[in-house]
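Report on the structure
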Amino acid sequence: MTARLWAIALNTFREAVRIRVLYGFLVLVVGANLLAIVLGVMANNEEARVSRDVGLAGISLFGSLTAIFLGVFLLYTEVQRRTIHVIASKPIERWEFVVGKYLGMGLVLSVLVGVFGLAMIGMLALQDVPVTSAVVKAIVLAWMEVLVVAAIAIFFSSFSTPFLSGIFALALWVIGRLTPDLENAVRTGAGSIRAVAKVTLAVVPDLHLFAVSGRAVEGDVVSVHADFVSWGYVGLASLHGLAWIVGLLAFAAILFSRRDFA
Amino acid sequence: MYRLTLVADLALAVRDLRKSFRTPFARKKIEALRGVTFEVQKGHIFGFVGPNGAGKTTTIRTLMGLIKPTSGSATILGRTVPSRAARERVGFLPESPYFYDYLTVPELLDLVGRLFGIPGPERKKRADELIERVGLSRARTQNLKKFSKGMLQRAGLAQALMNDPELVVLDEPMSGLDPIGRKEVRDLILSLRDAGKTVFFSTHILSDVEAITDRVAIIARGQLQASGTPAELVAQSVQAVDITIRLTGEAGDLTAGADQVRRHEDELSLSLPASADVDAWLAKAHAAGAKVISVAPRHETLEARFLREVASAEAVP
């Protein structure tokens with residue numbers, strides 16, 4: 001099983017690194033970091049704050065967009081281009097194929113987030129801004145968010161077109177970032193709003209867990225510039241993300257297994 | 001005639017296979033397979049022929065687990081379809097194969113070898129042998145993107161043989177090949193049978209079927225119309241009897257009721273209808289002093305049988 005998963009993952013990695021859009025995202029992230037330097041100079045004595053905020057936002061935004069882009073296309077094109085006929089006729093289970101595709105994507109996204117992170121750290125170093133453990137934790141959380149978003153995209157791609165999958169995944173990513181507002185709506189909203197917010201909270205992954213800087217965590221406001229979350233929090237948030245990834249991939253595998261490749 | 005075939009001797013057994021699709025918007029039901037039943041014995045070359053849309057590819061994709069049948073069942077080498085176990089001992093070439101165009105042939109074969117769990121050194125050795133065998137040695141370093149259709153077909157054949165399969169399923173293997181390429185594929189199929197493999201292939205090219213198959217099945221409109229050895233399929237209907245004689249005098253009434261009468265000096269060639277009393281005609285020719293040179297029954301060609309079966313299937317509402 002491991003050999004088959006690795007074979008699909010490796011092939012997906014090979015496929016993904018040939019997609020030029022990825023390099024466009026890379027340029028955008030480097031551009032965002034350069035912009036952070038300019039903004040930092042403009043904001044008096046706030047170079048460190050601006051650089052960290054823009055850098056992390058760049059990783060989260062462009063990492064998630066890349067995850068959606070890869071997730072909605074890589075599985076769909078296998079069916080559309082009929083390359084699936086060669087693979088699915090071999091002794092591989094459909095779920096292994098879906099998981100292998102995800103692992104390959106995860107590998108590409110991990111490399112990308114790594115490069116994004118290094119670009120950010122490089123920019124911070126250029127401005128003599130120290131790279132604290134808070135920054136590293138924030139990068140790890142952003143990486144986990146990207147991996148969850150990739151699983152969301154693969155899930156939709158297992159039964160839908162890239163266009164619709166892209167819209168659904170993007171919507172879920174935005175809603176997933178708004179969980180504190182949804183929780184607030186459950187507490188204070190009117191009947192129907194409360195019901196909708198409750199259902200949404202149950203079916204949407206809590207992506208806000210991965211972008212907590214400037215927000216309250218268990219009553220205390222945490223910030224990547226001062227007191228940030230502990231490694232314990234990072235571990236728990238990652239487990240939460242992992243649970244969503246497993247769940248989403250399980251549903252994707254079930255849906256993909258039911259499909260005919262005519 | 002009854003044939004007794006042990007299940008253990010079967011490479012492929014298909015029972016009442018049915019598949020219906022719904023059109024995307026109108027939700028109209030289309031019956032692609034309407035109760036297909038046949039068997040392929042181990043060690044045979046089995047030709048699966050039919051016009052476009054007959055159900056050949058749907059049958060093959062169902063066997064390979066790409067499509068789920070609406071009803072019916074199938075086994076490959078005694079293993080239920082669809083299953084991973086069934087696919088383990090099969091090599092498959094899809095119709096107009098699509099591969100990852102950024103790979104080279106060795107990379108493609110490496111990927112396929114990994115899916116079959118073939119260990120690294122053996123994978124490389126086998127890939128090298130197959131690349132040589134299908135004549136792609138000079139294109140080893142080229143991406144599949146740059147391959148012609150014929151080259152892609154060869155790459156497809158190589159990947160279908162990567163696991164040294166017991167059963168090889170080829171969907172239109174001669175498609176896109178020039179006459180030399182077709183001959184090479186025919187030779188490859190024959191060499192697979194010589195090596196004890198079973199080959200099941202679909203095609204439109206009836207001359208290939210006649211040349212290499214042990215058994216043939218004709219499918220049209222999702223149903224099997226006929227099956228048997230090529231000889232059985234054509235022997236069932238003698239169309240005419242072609243006779244050539246050497247005359248010593250005039251032909252007289254020997255040409256009465258005959259068709260395609262040709263005379264060249266003292267040689268007379270003609271065709272008698274299948275219903276004619278050939279013995280009586282020959283006795284009359286002897287009595288007229290003629291010497292018989294040849295008497296040959298003319299059978300229906302496989303192509304004619306194929307066209308007849310397809311036309312009869314199409315005639316059913």
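Residues numbered from 1 in each chain as written. Chains lettered and ligands numbered in written order. Predicted model: local features only at pLDDT ≥ 70, side-chain atom pairs only at ≥ 80, totals over all residues. Heavy atoms only, no water.

The next subject is the overall build of chain A. Of the regular secondary structure elements, chain A holds ten helices and two strands. Along chain A, helices (α) and strands (β) appear in the sequence α-α-α-α-α-α-α-α-α-β-β-α when read from the amino end. Scaling as 2.2 N^0.38, a compact globule of 262 residues should have a C-alpha radius of gyration of about 18 Å, and chain A matches this with 19 Å. Oriented by its inertia axes, the alpha-carbon framework of chain A measures out at about 60 × 50 × 30 Å. Counting over 262 residues, chain A shows a buried share of 52%. Looking at chain A alone, contacts between residues at least 24 apart form 79% of all its contacts between residues at least 6 apart. Accessible surface, chain A: about 11,600 Å² in total, of which carbon and sulfur atoms supply 69%. (Helix = DSSP H or I, 4+ residues; strand = E, 2+ residues; numbered from the N terminus. Rg over C-alpha atoms; globule rule 2.2 N^0.38 Å. Buried < 20%, exposed > 50% of the residue type's maximum accessible area, 1.4 Å probe, protein only. Contact = heavy atoms within 4.5 Å. Areas by Shrake-Rupley, 256 points an atom, 1.4 Å probe, with all protein chains shown as cover.)

This part covers the pairing of strand β1 (residues 10–22) of chain B. All names here are of chain B. Sheet topology places β1 next to strand β2 (residues 29–41); ten bridges connect them, and they run antiparallel. Bridge assignment links Leu12 to a residue of β2, and that residue is Val40. Counted between consecutive antiparallel strands, the loop separating β1 from β2 contains six residues, among which Arg27 sits at a positive phi close to 60°. Note: β1 against strand β4 (residues 71–76), five bridges, orientation antiparallel. Bridge pairing in β4 places Arg18 opposite Ser71. (Pairing = 2+ DSSP bridges.)

This part takes up the domain arrangement of chain B. By domain assignment, chain B separates into domain 1 (44–66 + 85–234) and domain 2 (238–299). Spacing between the C-alpha centres of domain 1 of chain B and domain 2 of chain B amounts to 47 Å. (Domains from an automatic or database assignment.)

The next subject is the pairing of strand β8 (residues 198–203) of chain B. Along any regular strand, the residues point their side chains to alternate faces of the sheet. All names here are of chain B. Most of β8 is tucked away, with six of its six residues classed as buried. Judged by which residues are buried, β8 turns out to be covered on both faces: Thr198, Phe200 and Ser202 on one side and Val199, Phe201 and Thr203 on the other are all buried. In this structure, strand β7 (residues 167–171) lies alongside β8, joined through five bridges in parallel fashion. For Val168, the partnering residue across the bridge sits in β8 and is Val199. Taken together, β7, helix α6 (residues 179–194) and β8 form a β-α-β motif whose crossover is right-handed. (Right-handed = clockwise from strand over helix to strand, strands pointing away.)

Right, let's get into the side chain of Asn11 of chain A. On the secondary structure map, Asn11 of chain A appears in helix α1 (residues 2–16). Asn11 of chain A sits in the buried class, given a relative accessible area of 4%. When residues no more than four places from it in sequence are discounted, the contact partners of Asn11 of chain A are Tyr100, Tyr102, Leu103 and Leu111 of chain B.

Further remarks concern the packing of aromatic side chains. Residue and element names in this part refer to chain A. Summed over all chains, the structure comprises 14 aromatic pairs over all chains. Ring centres of Phe69 and Phe73 lie 5.1 Å apart, and the angle between their planes is 50°; this geometry places the pair in the tilted category. With a gap of four residues between them, Phe69 and Phe73 both fall in helix α3 (residues 47–80), about one helical turn apart. Phe73 gets classed as partly exposed once you look at its relative accessible area, which sits at 35%. Through successive ring pairs, a cluster of aromatic residues spans Phe155, Phe156, Phe159 and Phe168. (Phe/Tyr/Trp six-rings, centres within 6.5 Å; stacked < 30°, edge-to-face > 60°.)

Bringing the pattern of salt bridges into the picture now. Side chains that carry opposite charge are capable of pairing whenever their charged atoms lie near each other. What the rule picks out here adds up to 30 salt bridges over all chains. The partner of Arg4 of chain A in a salt bridge is Glu96 of chain A, with the nearest N and O atoms 2.8 Å apart. With Arg4 of chain A in helix α1 and Glu96 of chain A in helix α5 (residues 94–126), this pair connects stretches of sequence that are 92 residues apart. In this structure Glu96 of chain A comes out as buried when scored by relative accessible area, which is 2%. Salt-bridge contacts for Arg79 of chain B lead to Glu88 of chain B; the nearest nitrogen and oxygen are separated by 3.8 Å. Residue classification places Glu88 of chain B among the partly exposed residues on the basis of a relative accessible area of 34%. Salt bridges sharing partners connect three or more residues here, namely Lys125, Arg126, Glu129, Asp164 and Lys197 of chain B. (Salt bridge = Lys/Arg side-chain N within 4 Å of Asp/Glu carboxyl O.)

It is worth spelling out the interface of chain A and chain B at this point. Facing the 32 residues of chain A at the interface are 25 residues of chain B. Counting every contact that joins chain A to chain B gives two salt bridges. Across the pair Glu93 of chain A and Arg84 of chain B runs a salt bridge, and its minimum N-O distance is 4.0 Å. Applying the counting criterion to the chain A and chain B interface returns twelve residue pairs in polar contact (both at pLDDT 80 or more). Where the side of chain A that touches chain B is concerned, the elements lending two or more residues are α1, α4 (83–88) and α5 of chain A. With nine residues, the top contributor of residues to the side of chain A that touches chain B is α1 of chain A. Class assignment for the residues of the side of chain A that touches chain B results in 14 nonpolar, five polar and 13 charged. (Polar contact = N/O pair within 3.5 Å; in protein donor to acceptor, adjacent residues only side chain to side chain. Nonpolar A, V, L, I, M, F, W, Y, C, P; charged D, E, K, R; others polar.)

Looking now at the packing of α3 of chain A against helix α7 (residues 162–177) of chain A. Residue and element names in this part refer to chain A. Direction vectors running N to C along α3 and α7 enclose 150°, while the axes themselves pass 9 Å from each other. Considering their axes alone, α3 and α7 lie roughly antiparallel with respect to each other. Remark: the crossing between α3 and α7 carries right-handed chirality. Every residue of α7 that contacts α3 at Ser60, Leu61, Ser64, Leu65, Ile68, Val72, Phe73 and Tyr76 is listed here: Pro162, Ser165, Gly166, Ala169, Leu170, Trp173 and Arg177. For the contact of α3 with α7, a count of residues per class yields ten nonpolar, four polar and one charged. (Axes fitted to C-alpha atoms, helices over the stretch in contact; angles between N-to-C directions. Parallel < 35°, antiparallel > 145°, perpendicular 65-115°, else oblique. Left-handed = near helix turned anticlockwise from the far one by under 90°.)

Time to look at helix α2 (residues 20–42) of chain A. Across its 23 residues, α2 of chain A extends 33 Å between first and last C-alpha, which sits within 8% of the 33 Å expected from 1.5 Å per residue. Among all positions of α2 of chain A, only Leu22, Phe25, Val29, Ala32, Asn33, Ala36 and Gly40 of chain A are buried. (Expected span 1.5 Å × (residues − 1).)

All names here are of chain B. The antiparallel open sheet is built from four strands, whose spatial order is β12-β13-β11-β14. With partners counted over all chains shown, the strands left at the sheet margins are β12 (259–264) and β14 (291–299), one partner each. Shown here is a sheet whose adjacent strand axes are inclined to one another by a mean of 15°, direction ignored. Pairing between strand β11 (residues 238–246) and strand β13 (residues 267–273): seven bridges, direction antiparallel. Each residue of the ladder has a partner; that of Ile245, found in β13, is Leu268.

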